[in-house]
Amino acid sequence: MHPLERILNTAKSNPLRIVLPEATDERMLEAARRAPDEKTATVLLLGTPGEIEKVAAAKSVSLDGIRIVDIHAHPHREEWIAYFAEKRKSKGLTLEQARETLADPLFFGAMMVHQGEADGMVAGAVNTTGNVIRASLQIIGVQPGIKTASSCFMMIVPDCPYGAEGTFMYGDCGVMPDPNEEQLADIAYATAQSMQNLVGVEPVVAMLAFFTYGSASHPIVDKVIKATKIAKER
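Residues numbered from 1 in each chain as written. Predicted model: local features only at pLDDT ≥ 70, side-chain atom pairs only at ≥ 80, totals over all residues. Heavy atoms only, no water.

J.: Quick one: what's the story with the overall build of the protein chain, residue by residue and with numbers?
T.: For the protein chain, the count of helices and strands is 9 helices and 6 strands. Seen through its principal axes, the protein chain has C-alpha atoms that stretch 60 × 50 × 25 Å. When burial is assessed residue by residue, the protein chain has 32% of its 234 residues classed as buried. Within the protein chain, contacts between residues separated by at least 24 positions form 60% of all contacts whose residues are at least 6 apart in sequence. Taken as a whole, the protein chain presents about 13,900 Å² of accessible surface, with 53% of it coming from carbon and sulfur. (Helix = DSSP H or I, 4+ residues; strand = E, 2+ residues; numbered from the N terminus. Buried < 20%, exposed > 50% of the residue type's maximum accessible area, 1.4 Å probe, protein only. Contact = heavy atoms within 4.5 Å. Areas by Shrake-Rupley, 256 points an atom, 1.4 Å probe, with all protein chains shown as cover.)

Listed below in structure tokens is the structure:
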């Protein structure tokens, strides 16, 4: 089975609630329409209803069956503001700063995931990678057992005998610019988990650098060798 087909079938078997905080972006609106039509997810559009409806009408996107969440009228808004202020108090966040932060749909969407009102969030069409990660880290945090936030991407090569029938997962491609050995091991572990969860195979991990099997002498060589050892011990 093609990896994307497997992922779609898994999503269809148990459609989850996905919040889209960039709801006035036309690409997000088109994705919001496709997901329920294809029965892959229940979509929550986040923002001001009038603004979302205006863009949807201009782009001829039907919002039937799609829930719009008004972040300024949410019943738990004040409760979540107080919670966020308390959570970030040690970082110097005040109640008013928490209120201002949660006026951002990106942070409010992350809070919906954290509070169990959504199962996941998709963003980055408008916001930078840094903003998306910042909201997720400050509110949701990292997975238990992982200290390093990282990213990975899937590459599917047609008619390729390597990888999992031509499927590869690469990490980190966009978060950590210069990870140390512990962070590299974290990235390897998290990427392997993503491969196992999404593709359903036992991952084989390669630690990539500019040398082959220790053929060069350099601090980066030592770092990757140590990271490989840590990852193997896990």
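J.: Describe the sheet that holds strand β3 (residues 67-70), naming the residues involved and giving the relevant values.
T.: With respect to topology, 4 strands assemble into an open sheet ordered β3-β2-β1-β4, the strand pairing being parallel. Each end of this open sheet is capped by a strand with a single partner; those strands are β3 and β4 (120-121). Sheet analysis places strand β1 (residues 16-20) next to strand β2 (residues 41-47), joined by 5 bridges and oriented parallel. Residue pairing for β2: R17 is matched across the bridge by T42. Against the sheet, helix α2 (residues 26-37) touches β1 and β2, its axis set at about 150° to β2. (Pairing = 2+ DSSP bridges. Axes fitted to C-alpha atoms, helices over the stretch in contact; angles between N-to-C directions.)

J.: Before we move on, could you go through the environment of A41 and cite the residues and values that matter?
T.: Looking at the element boundaries, A41 is found in strand β2. In this structure, the C-alpha to C-alpha distance between A41 and K12, residues 29 residues apart in sequence, is 7.3 Å. In this view, A41 contacts P15, L16, I18, A35 and P36; residues no more than four positions away in its chain are not counted.

J.: Tell me about the pairing of β2, and name the residues and values.
T.: By the criterion of burial, β2 is predominantly enclosed, with 6 of the 7 residues buried. Between the parallel elements β1 and β2, the chain passes through α2 in a crossover that is right-handed. Here β2 pairs with β3 via 4 bridges, running parallel. Residue G47 lies in a different strand from β3, and its bridge partner there is D70. Once the chain exits β2 it traverses helix α3 (residues 49-58) before rejoining the sheet at β3, and the crossover so formed is right-handed. (Right-handed = clockwise from strand over helix to strand, strands pointing away.)

J.: Explain the side chain of R33 to me, and be specific about the residues and the numbers.
T.: Within the secondary structure, R33 sits in helix α2. In contact with R33, not counting residues within four places along its chain, are V61, S62, L63, D64 and I66.

J.: Account for the packing of helix α8 (residues 181-199) against helix α9 (residues 219-233), naming residues and giving values.
T.: Between α8 and α9, the shortest axis-to-axis distance is 8 Å and the interhelical angle comes to 50°. Looking at the two axes, α8 sits oblique to α9. Relative to α9, α8 is oriented so that their crossing is right-handed. Along the contact surface, α8 presents E181, E182, L184, A185 and A188, while α9 presents K223, V224, K226, A227, I230 and A231. (Parallel < 35°, antiparallel > 145°, perpendicular 65-115°, else oblique. Left-handed = near helix turned anticlockwise from the far one by under 90°.)

J.: Give me the pairing of strand β6 (residues 167-170): which residues, what numbers.
T.: What you see with β6 is a clean split: T167 and M169 sit on the buried side and F168 and Y170 on the side with no burial. Direction of pairing for strand β5 (residues 153-156) relative to β6: antiparallel, over a ladder of 4 bridges. Its bridge partner being in β6, M154 is matched across the sheet by M169.

J.: A description of the environment of I7 should follow, citing residues and the corresponding values.
T.: Within the secondary structure, I7 sits in helix α1 (residues 3-13). Separated by 84 residues in the primary sequence, I7 and K91 have C-alpha atoms spaced 39 Å apart.

J.: With reference to specific residues and values, describe the packing of helix α6 (residues 105-114) against helix α7 (residues 129-139).
T.: Packed helices, taken two at a time, are described by their axes: the angle between them and the distance between them. Here α6 crosses α7 at 40°, and the two axes come no closer than 9 Å. Considering their axes alone, α6 and α7 lie oblique with respect to each other. Of the two elements, α6 crosses α7, and the hand of that crossing is right-handed. The residues of α7 that touch α6, namely those facing L106, F107, A110, M111 and H114, are N131, V132, R134, A135, Q138 and I139.

J.: An account of the nonpolar core is needed here, citing residue identities and associated values.
T.: If you look at the biggest cluster of nonpolar residues, it comprises 23 residues, and the most contacted ones within it are V19, L46, F84, L102, F108, M112 and I139. Breaking this core down by element, the ones donating at least two residues are β2, α4 (77-87), α6 and α7. (Core = buried A, V, L, I, M, F, W, Y, C linked by side-chain atoms within 4.5 Å.)

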